[in-house]
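For reference, the chains in residue letters:
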Amino acid sequence: MQINVSGSNMELGQSLTSYVEDHLNKSVKKYFEKAVSADVHFKKDGILFNVLVTINEGVKGGGIVVKSEAEAGDAYGCFLEACQKVEKQLARYKERIKNYRRKGGGLKSLDVDYKTFDAKKYVI
């Protein structure tokens, strides 16, 4: 997964950047092995830090983009709060996918009698 870490109005150190990359890789791979990319943007507003985490889950045709924001007094705590929100969203999304497959959703669930099927009825 490609992770971009950036900051405005602040200097990002190597320690914070590596912490974000390691923690985000571990958190996202718990739910989706093949997530495409993630953007983490830190911003300093007075004495508070703001962070915006955006993750592209990357499933073709039905993928989602998960976004999370947090605000705290330090950069690490701010990122952890946003990462927890992302984990909750990814867990809910993965559960929805599992439930859809359990209920027999998708094209495999269609029971079509090809002897009586008339495709002309369905052409627009």
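To be clear, the structure that these remarks concern was listed above.
Below, the structure is looked at part by part.

**Remarks on the overall build of the chain**
Piece 1. Secondary structure summary: the chain contains 2 helices and 4 strands in total.
Piece 2. Shown N-terminal to C-terminal, the secondary structure of the chain runs as helices and strands in the order β-α-β-β-β-α.
Piece 3. A total of 124 residues make up the chain; the buried ones form 27% of that total.
Piece 4. A fraction of 51% describes how many contacts in the chain between residues 6 or more apart in sequence connect residues 24 or more apart.
Piece 5. Only carbon and sulfur atoms are counted for the fraction: they give 51% of the accessible area of the chain, which is about 8800 Å².

**Things to note about helix H1 (residues 14-29)**
Piece 1. For H1, built from 16 residues, the straight-helix expectation of 22 Å at 1.5 Å per residue is met to within 8% by its first-to-last C-alpha distance of 22 Å.
Piece 2. Residues of H1 that are buried include every one of Leu16, Thr17, Val20, Leu24, Ser27 and Val28, and no others. With its buried residues spanning 110 degrees around the axis, H1 presents them on a single face. Facing away from the buried surface of H1 by more than 90 degrees, the exposed residues are Gln14, Asp22 and Lys26.

**Thoughts on the side chain of serine 68**
Piece 1. If you trace the backbone, serine 68 turns up in strand S4 (residues 65-72).
Piece 2. For serine 68, a relative accessible area of 4% translates into the label buried.
Piece 3. For serine 68, the side chain forms a polar contact with the main-chain oxygen of alanine 82, separated by 3.0 Å.
Piece 4. Setting aside anything within four residues of it in sequence, one finds serine 68 in contact with Val51, Leu52, Val53, Ala82, Lys85 and Val86.

Criteria and cut-off values
Residues numbered from 1 in each chain as written. Predicted model: local features only at pLDDT ≥ 70, side-chain atom pairs only at ≥ 80, totals over all residues. Heavy atoms only, no water. Helix = DSSP H or I, 4+ residues; strand = E, 2+ residues; numbered from the N terminus. Buried < 20%, exposed > 50% of the residue type's maximum accessible area, 1.4 Å probe, protein only. Contact = heavy atoms within 4.5 Å. Areas by Shrake-Rupley, 256 points an atom, 1.4 Å probe, with all protein chains shown as cover. Expected span 1.5 Å × (residues − 1). Arc of directions from axis to C-beta. Polar contact = N/O pair within 3.5 Å; in protein donor to acceptor, adjacent residues only side chain to side chain.

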